[in-house]
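The chain contents come next:
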Amino acid sequence: MVTAEALAGLRPAQAAVQVRLALEEAGCPDAAYDAGLLCRLATGRDPRLDERPLTEAVAKKLAGDTARRCQRYPLQYLAGSWEFLDLEFKVGPGVLIPRADTETLCLAAAETLKGKQEPRALDLCSGSGCLALGLCRLVPGTRVLALEKSQEAWPYLNENIRLAAGRGIRGVTPVLGDVFSFQQQLEEESLDLILSNPPYLTGPEMEALQPEVRCEPAMALYGGQDGLDFYRHIARGYRPLLKEGGTLALEVGWQQAAQVARLLAEAGYREIHCARDLEGRDRAVLARRL
Ligand SMILES: C[S@@+](CC[C@H](N)C(=O)[O-])C[C@H]1O[C@@H](n2cnc3c(N)ncnc32)[C@H](O)[C@@H]1O
């Protein structure tokens, strides 16, 4: 526990040490990194480059944020935005925080669009919009429909589309709807790519979540008892929407690649292969409709 009184008047680097100790005591992983970021959020400056003592107002904010982080509230929600590829996404309660692992899917999916003129894509379960906007960032000219069901995530998706447009990244159209019925509204053989990072945690995994992940919406995480409900539906229900040669690209949990590859084979996809994350784990399964 660190108080505003104890932090006021300290230089930022000294304050960062106090914050780190409090975070370590509370069992937060990556306490040193988090302490630096919390100081930067409170002061607006890098604590390593700043000598000015903390004012009372800044100390109060830093102590408040540290207390919340000690309760394992996600750092990303405290920051209010998080980076994916090199884009900034607004995040907060109600929307899944974009993960670095998900960049694997975005990069692999983007590869499949190379050389296509104004490709058309569909991002199912779009959340913050990181995949849809990441795709437009990587392959300019792509038109992406970004489908999301959650009323809580919806404002973040729209805001992130608006912010990206300010950086010249355009082409994403948000749609509020349910992945389990939305396929009926789309034309057959109209898409070059369908990509998705659907909810995929199993029942037992939902019981054993890290405290931070418990703060994220359950509907962004739970994929049915065996984690595969969304994959089953997407594989069969959305296949007719792909053009011949079009690609389905799915993020998978670290133990799900083989099961999802089997589902895709059973649904008639070909050229099924995996993309690996930076730790060498199969993170995405890609397949084509031929
Ligand atoms: C794992 S998150 C992925 C979010 C984002 N694409 C990303 O990669 O960070 C899954 C998303 O699916 C949404 N979702 C859950 N059930 C849905 C449904 N039936 N139809 C559409 N979206 C759904 C959740 O609200 C959540 O935003």
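Fair warning: this is a prediction, and the values are worked out from it, not measured in the lab.

(A) Molecular detail of the site of the ligand. Lining the immediate surroundings of the ligand are 20 residues, of which Cys125, Glu148, Asp178, Val179 and Asn197 lie closest. Separating a nitrogen atom of the ligand from a side-chain N or O atom of aspartate 178 is a distance of 2.9 Å. The residue inventory of the shell around the ligand, partitioned by class, reads 11 nonpolar, 6 polar and 3 charged.

(B) Main features of the pairing of strand 4 (residues 143-148). Here strand 3 (residues 120-124) pairs with strand 4 via 5 bridges, running parallel. The residue of strand 4 that forms the bridge with alanine 121 is valine 144. The parallel pair strand 3 and strand 4, bridged by helix 7 (residues 130-138), forms a crossover whose chirality is right-handed. In terms of strand pairing, strand 4 meets strand 5 (residues 172-176) through 5 bridges, oriented parallel. Bridge pairing in strand 5 places valine 144 opposite valine 172.

(C) Main features of the domain arrangement of the chain. What the domain assignment lists for the chain is domain 1 (4-71) and domain 2 (81-288). Each of domain 1 and domain 2 was reduced to a C-alpha centroid, and the two centroids are 35 Å apart.

(D) Looking closely at the nonpolar core. Ranked by size, the top nonpolar core spans 35 residues in total, and within it Ile194, Tyr238 and Leu264 carry the most contacts. Every element with two or more residues in this core is listed here: strand 3, strand 6 (191-196), helix 11 (229-237), strand 7 (242-251), helix 12 (257-266) and strand 9 (282-288). If we skip the residues at most four places from it in the chain, leucine 264 touches Ala235, Leu248, Leu250, Tyr269, Ile272, Val285 and Ala287. With 31 residues, the next largest nonpolar core counts Cys106, Leu193, Leu195 and Ala284 among its residues.

(E) Layout of the pattern of salt bridges. Enumeration over the complete set of coordinates arrives at 27 salt bridges. Salt-bridge contacts for arginine 45 lead to aspartate 50; the nearest nitrogen and oxygen are separated by 2.7 Å. You can call aspartate 50 buried: its relative accessible area is 4%. A salt bridge links aspartate 50 to arginine 52, with the nearest nitrogen and oxygen atoms 3.3 Å apart. One continuous salt-bridge network, built from bridges that share partners, spans Asp101, Glu251, Asp277, Glu279, Arg281 and Arg283.

(F) Expanded view of the environment of arginine 120. Along the polypeptide, arginine 120 turns up in strand 3. Separated by 139 residues in sequence, arginine 120 and glutamine 259 have C-alpha atoms that sit 28 Å apart. Non-local contacts of arginine 120, meaning those with residues more than four positions away in its chain, are made with Arg143, Ser190, Leu191, Asp192 and Leu193.

(G) How the structure looks around the packing of helix 11 against helix 12. Running from N to C, helix 11 and helix 12 point in directions that differ by 30 degrees, and their axes come no closer than 9 Å. Comparing their axes, helix 12 and helix 11 come out roughly parallel. Considering the relative orientation of helix 11 and helix 12, their crossing is right-handed. Between helix 11, through Tyr231, Arg232, Ala235 and Arg236, and helix 12, the contact on the second element is made entirely by Val260, Leu263, Leu264 and Glu266. In the contact of helix 11 with helix 12, the residues fall into 5 nonpolar, no polar and 3 charged.

(H) Region of interest: the pairing of strand 1 (residues 81-84). Note that strand 1 and strand 2 (residues 87-90) share 4 bridges and pair antiparallel. Looking at the pairing, phenylalanine 84 lines up with leucine 87 of strand 2. Linking strand 1 to strand 2, which pair antiparallel, is a turn of 2 residues; within it leucine 85 sits at a positive phi near 50 degrees.

(I) Structural view of the sheet that holds strand 4. With mixed pairing, 7 strands are arranged side by side in an open sheet as 5-4-3-6-7-9-8. The outermost strands of the open sheet, each flanked by one partner alone, are strand 5 and strand 8 (270-276). Averaged over all pairs of adjacent strands, the angle between their axes in this sheet comes to 20 degrees, without regard to strand direction. Looking at chain direction, strand 3 and strand 6 are connected through 4 bridges and run parallel. Residue aspartate 123 lies in a different strand from strand 6, and its bridge partner there is leucine 195. In this fold helix 11 packs onto strand 3, strand 6 and strand 7, with an angle of close to 175 degrees to the strand it touches most, strand 7.

The rules we used
Residues numbered from 1 in each chain as written. Predicted model: local features only at pLDDT ≥ 70, side-chain atom pairs only at ≥ 80, totals over all residues. Heavy atoms only, no water. Near = heavy atom within 4 Å. Polar contact = N/O pair within 3.5 Å; in protein donor to acceptor, adjacent residues only side chain to side chain. Nonpolar A, V, L, I, M, F, W, Y, C, P; charged D, E, K, R; others polar. Pairing = 2+ DSSP bridges. Helix = DSSP H or I, 4+ residues; strand = E, 2+ residues; numbered from the N terminus. Right-handed = clockwise from strand over helix to strand, strands pointing away. Domains from an automatic or database assignment. Core = buried A, V, L, I, M, F, W, Y, C linked by side-chain atoms within 4.5 Å. Buried < 20%, exposed > 50% of the residue type's maximum accessible area, 1.4 Å probe, protein only. Contact = heavy atoms within 4.5 Å. Salt bridge = Lys/Arg side-chain N within 4 Å of Asp/Glu carboxyl O. Axes fitted to C-alpha atoms, helices over the stretch in contact; angles between N-to-C directions. Parallel < 35°, antiparallel > 145°, perpendicular 65-115°, else oblique. Left-handed = near helix turned anticlockwise from the far one by under 90°.

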